[in-house]
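Commentary on secondary and tertiary structure
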Amino acid sequence: MQIFNLADADQGFIDEVEARSHQNVKNCYQCGNCTAGCPYTFVYDYSVSQIMRLVQTGQKDAILKCRSIWLCGSCQSCTTRCPNKIDVARVMDVCRHMAREEGYATERSVKIFADSFLESVERHGRAYELGLMASYMTRSGRVFTDVDLAPQVLMRGKLPFKPHPIQGREQVARIFERFRKGGKNA
Amino acid sequence: MLKVAYYPGCSGQGTSLEYDTSTRAVCKALDVELMDIPDWSCCGSSPAHTVNHVLSAALSARNLAQVEAMGMTKAATPCPSCLTNLRTASHKMDDPEFKDKVNALLDVPCKNSVDTQSVLQVLAENVDPELIKGKVVKPLTGIKIACYYGCIMNRPPEVMRFDHHENPMAMDNLMALLGAEVVPFPLKVECCGASYGIPRGDIVATLSGKLLDASRDVGADAIVTACPLCQMNLDLRQGQINDALRENFRIPVFYYTQLLGYALGIDRAELGFEKLCVDPRLALGRIKQPQQAM
Ligand code: SF4
Ligand code: SF4
Ligand code: SF4
Ligand code: SF4
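The shown structure was predicted, so the numbers you read here are calculated from the model rather than taken from an experiment.

Looking now at the domain arrangement of chain B. Residue and element names in this part refer to chain B. Looking at chain B, the domain boundaries give domain 1 (2-120) and domain 2 (138-288). Spacing between the C-alpha centres of domain 1 and domain 2 amounts to 24 Å. Each partner contributes residues to the interface: domain 1 has 26 residues there, and domain 2 has 27 residues. Between domain 1 and domain 2, the buried area comes to about 2200 Å², and carbon and sulfur atoms account for 73% of it. Of all residues in domain 1, the largest losses of buried area upon contact with domain 2 belong to Glu18, Tyr19 and Leu120, amounting jointly to 32% of the total for that side. Between domain 1 and domain 2 we count zero salt bridges in total. Taken together, the connections running from domain 1 to domain 2 amount to six residue pairs in polar contact (both at pLDDT 80 or more). The greatest single-element share of the side of domain 1 that touches domain 2, amounting to nine residues, is contributed by helix H1 (residues 17-29).

And the structure:
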């Protein structure tokens, strides 16, 4: 069992999570409903209700370093079932945003996949699946784990070989540029 | 004739081509006109909202602004993932401060005047079931179907505002109307593993494996879904799931629009059954020919 010192509470962290998620984490009374319905607990290091408790008690380090916030599938079960109407999935999202901003990537492949996806959208205006996989492989240094699927996908004409860039792709690229300039306060 | 702005979503151009073509075909047959949003761009899917909510909303809002430029207030998409992004963006932009931040990222500001729905919702709420029934030429009699809605089409209910968040029925009702036997499926809204197929295939194997297992338990000949990612995880990855779990599932996974189109007698070329990985004939063969069905 891990022991956290409640005197270490980082109030600034609590305030920031609350402000950015528009949720009042103090309302969580640890009923465990969110965890009971969370399909991802089996790969988490802290269950979603534990995450809520760690946020409540300002355990910034533990949160930003943890694996769970990268693995949440955003399935909305916790948000839908919380008796206190806390948008728990949004709290999970905000914790992941903050971890990203501080340079954490505890579940590296997940971060790289998201980066590759957004890079594809920034470049073409739409997600281009083949290009995204190539970029994911380059960045992660992984061989393509889905080689076995290639014949099925290609035979069925499911993956176009060329991206379909859209006319407004500069407009989309500018969304990303302005976002980077504005940083987290975008 | 009902007209809605249509957002096909990126996967409709690639991995779920057959969902797009069958959606267009059934809407046409049922007098719902889908007007393509000119030069639509990607909604950012889940990667965007895991990076930043303003960025994610802006990627959606560019498209909502395109709908506004068409002079329309209602949009529809077949993809629940796109739907979530578009609706969540609208929902958050009800807060003027958030809306300003979003518009600061856009060339053309979004007024936030568009209501986006799933194509399923459009059909369920605007097309008279009797009209559909009257157009059925090949009833689905004899096939047992588990309807799988995926985790986000109906959740959270405050944002999605359609059907029931624990026990949705729209596809069940539609399939029953077409003559299929709909089996009760307990995991209707459980998550399939989302877009973790590439970075963490083990997650998809476990979660989608549970869905396949449950559908076998309830005796389904096939699963019917409304989500390109669910479909891909359950169908394209069924072999990987079998390897990972030492199973031997062989359960065809259809888009609901494919079976609707089949029942309406729409040209097979538009339904794309040949794009499915698990042989659909395993299930289509169960459908009794009309003369036998008497
Ligand atoms: S369901 Fe809500 S109140 Fe219960 S533990 Fe989770 S966040 Fe806290
Ligand atoms: S949204 Fe994330 S934390 Fe909440 S139940 Fe789903 S996977 Fe678990
Ligand atoms: S959610 Fe998927 S299909 Fe929908 S637009 Fe975004 S990437 Fe494309
Ligand atoms: S069930 Fe899976 S693919 Fe379907 S909506 Fe949820 S995460 Fe997306």
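Scanning the model with the defined rule gives eight aromatic pairs over all chains in all. Taken together, a centroid distance of 6.0 Å and an interplanar angle of 70° make the contact between A:Tyr40 and B:Tyr196 edge-to-face. Of this pair, A:Tyr40 sits in the loop between helix H2 (33-37) and helix H3 (48-56) while B:Tyr196 is found in the loop between strand S6 (181-182) and helix H10 (201-217), placing the two residues in two different chains. B:Tyr196 shares its class with A:Tyr40; the two are buried.

Below, the discussion takes up the domain arrangement of chain A. Residue and element names in this part refer to chain A. On domain assignment, one finds that chain A holds domain 1 (6-101) and domain 2 (108-185). When each unit is reduced to the centre of its C-alpha atoms, the spacing between domain 1 and domain 2 is 28 Å. Listed per partner, the contact involves seven residues of domain 1 and five residues of domain 2. Together, the buried faces of domain 1 and domain 2 total about 460 Å²; carbon and sulfur atoms form 57% of this surface. Among the residues domain 1 hides against domain 2, the three largest losses belong to Trp70, Arg100 and Glu101. Together they make up 72% of the total. Taken together, the connections running from domain 1 to domain 2 amount to one salt bridge. Measuring nitrogen to oxygen at the nearest pair gives 2.9 Å for the salt bridge that ties Arg100 to Asp115. Remark: the boundary between domain 1 and domain 2 carries one residue pair in polar contact (both at pLDDT 80 or more). If you list the elements that add at least two residues to the side of domain 1 that touches domain 2, you get helix H1 (11-21), helix H5 (68-71) and helix H7 (88-101). The element that contributes the greatest number of residues to the side of domain 1 that touches domain 2 is H7, accounting for three residues. Across the side of domain 1 that touches domain 2, the residue classes tally to two nonpolar, no polar and five charged.

All right, on to the nonpolar core then. Residues and elements named next belong to chain B. Counting residues in each nonpolar core, the largest one holds 51 residues, and the members touching the most others are Leu123, Leu140, Met175, Phe254, Tyr256, Leu259 and Leu260. Residue contributions to this core peak at five residues, all from helix H13 (residues 256-263). Listed in part, the 46 residues of the second largest apolar core include Val54, Ala65, Met72 and Val102.

This next bit is on the state of the cysteines. All names here are of chain B. Summed over all chains, the structure comprises zero disulfides over all chains. Here Cys191 stays free of any disulfide, with the sulfur of Cys151 as its closest cysteine sulfur at 4.0 Å. No disulfide involves Cys277; its sulfur sits 15 Å from the nearest other cysteine sulfur, which is in Cys192. Judged by its relative accessible area of 15%, Cys277 falls in the buried class.

As a further point, take the pattern of salt bridges. Taken as a whole, this structure holds 24 salt bridges over all chains when the rule is applied. For A:Arg178, the salt bridge goes to B:Asp107, with nearest N and O atoms at 2.7 Å. Placement of the pair is A:Arg178 in helix H11 (residues 169-182) and B:Asp107 in the loop between helix H5 (96-103) and strand S4 (115-118), with the two residues belonging to separate chains. Of the residues examined, A:Arg178 reaches a relative accessible area of 26% and is grouped as partly exposed. Among the salt bridges present, the one from B:Asp202 reaches B:Arg200, with a minimum N-O distance of 2.8 Å. Its relative accessible area of 17% is what places B:Arg200 among the buried residues. Sharing partners across several salt bridges, the network here consists of A:Arg67, A:Glu107, B:Arg200 and B:Asp202.

Moving on to the side chain of B:Thr116. Residue and element names in this part refer to chain B. Relative to the helices and strands, Thr116 resides in strand S4. Assessed through its relative accessible area of 2%, Thr116 is described here as buried. Excluding its chain neighbours within four sequence positions, the residues that come into contact with Thr116 are Leu64, Ala75, Thr77, Leu83, Leu86 and Arg87.

Residues and elements named next belong to chain A. Among the 13 residues in the neighbourhood of ligand 1, the closest are listed as Cys28, Cys31, Gly32, Cys34 and Cys82. Taking a 2 Å distance to the grid points as the criterion, the majority of the atoms of ligand 1 fall inside the second largest cavity. The set of elements that each furnish at least two residues to the shell around ligand 1 consists of H2 and H3. Across the shell around ligand 1, the residue classes break down as eight nonpolar, five polar and no charged.

Now for H7(A). Between its first and last C-alpha atoms H7(A) spans 20 Å; for 14 residues at 1.5 Å apiece the expected length is 20 Å, and the two agree. Of the residues one or two after H7(A), A:Gly103 is the one with positive phi, at around 85°.

Before going further, it helps to spend a moment on the interface of chain B and chain A. Every contact between the two is made by 60 residues of chain B and, on the other side, 62 residues of chain A. Taken as a group, B:Leu105, B:Tyr196 and B:Ile198 account for 12% of the area that chain B buries against chain A, more than any other trio of residues on that side. In this assembly, chain B and chain A are joined by four salt bridges. With a shortest N-O distance of 2.8 Å, A:Arg81 and B:Glu166 are connected by a salt bridge. Applying the counting rule to chain B against chain A returns 18 residue pairs in polar contact (both at pLDDT 80 or more). Looking at the side of chain B that touches chain A, the elements with two or more residues in it are H1, helix H2 (45-51), helix H3 (53-69) and H10 of chain B.

Rules and cut-offs
- Residues numbered from 1 in each chain as written.
- Chains lettered and ligands numbered in written order.
- Predicted model: local features only at pLDDT ≥ 70, side-chain atom pairs only at ≥ 80, totals over all residues.
- Heavy atoms only, no water.
- Domains from an automatic or database assignment.
- Contact = heavy atoms within 4.5 Å.
- Buried area = accessible area lost by both parts, 1.4 Å probe.
- Salt bridge = Lys/Arg side-chain N within 4 Å of Asp/Glu carboxyl O.
- Polar contact = N/O pair within 3.5 Å; in protein donor to acceptor, adjacent residues only side chain to side chain.
- Helix = DSSP H or I, 4+ residues; strand = E, 2+ residues; numbered from the N terminus.
- Phe/Tyr/Trp six-rings, centres within 6.5 Å; stacked < 30°, edge-to-face > 60°.
- Buried < 20%, exposed > 50% of the residue type's maximum accessible area, 1.4 Å probe, protein only.
- Nonpolar A, V, L, I, M, F, W, Y, C, P; charged D, E, K, R; others polar.
- Core = buried A, V, L, I, M, F, W, Y, C linked by side-chain atoms within 4.5 Å.
- Disulfide = S-S within 2.5 Å.
- Near = heavy atom within 4 Å.
- 1 Å grid on protein atoms, 1.4 Å probe; cavity = no way out; pocket = protein on both sides within 12 Å on 5 of 7 lines; lining within 4 Å.
- Sits in = over half its atoms within 2 Å of the grid points.
- Expected span 1.5 Å × (residues − 1).

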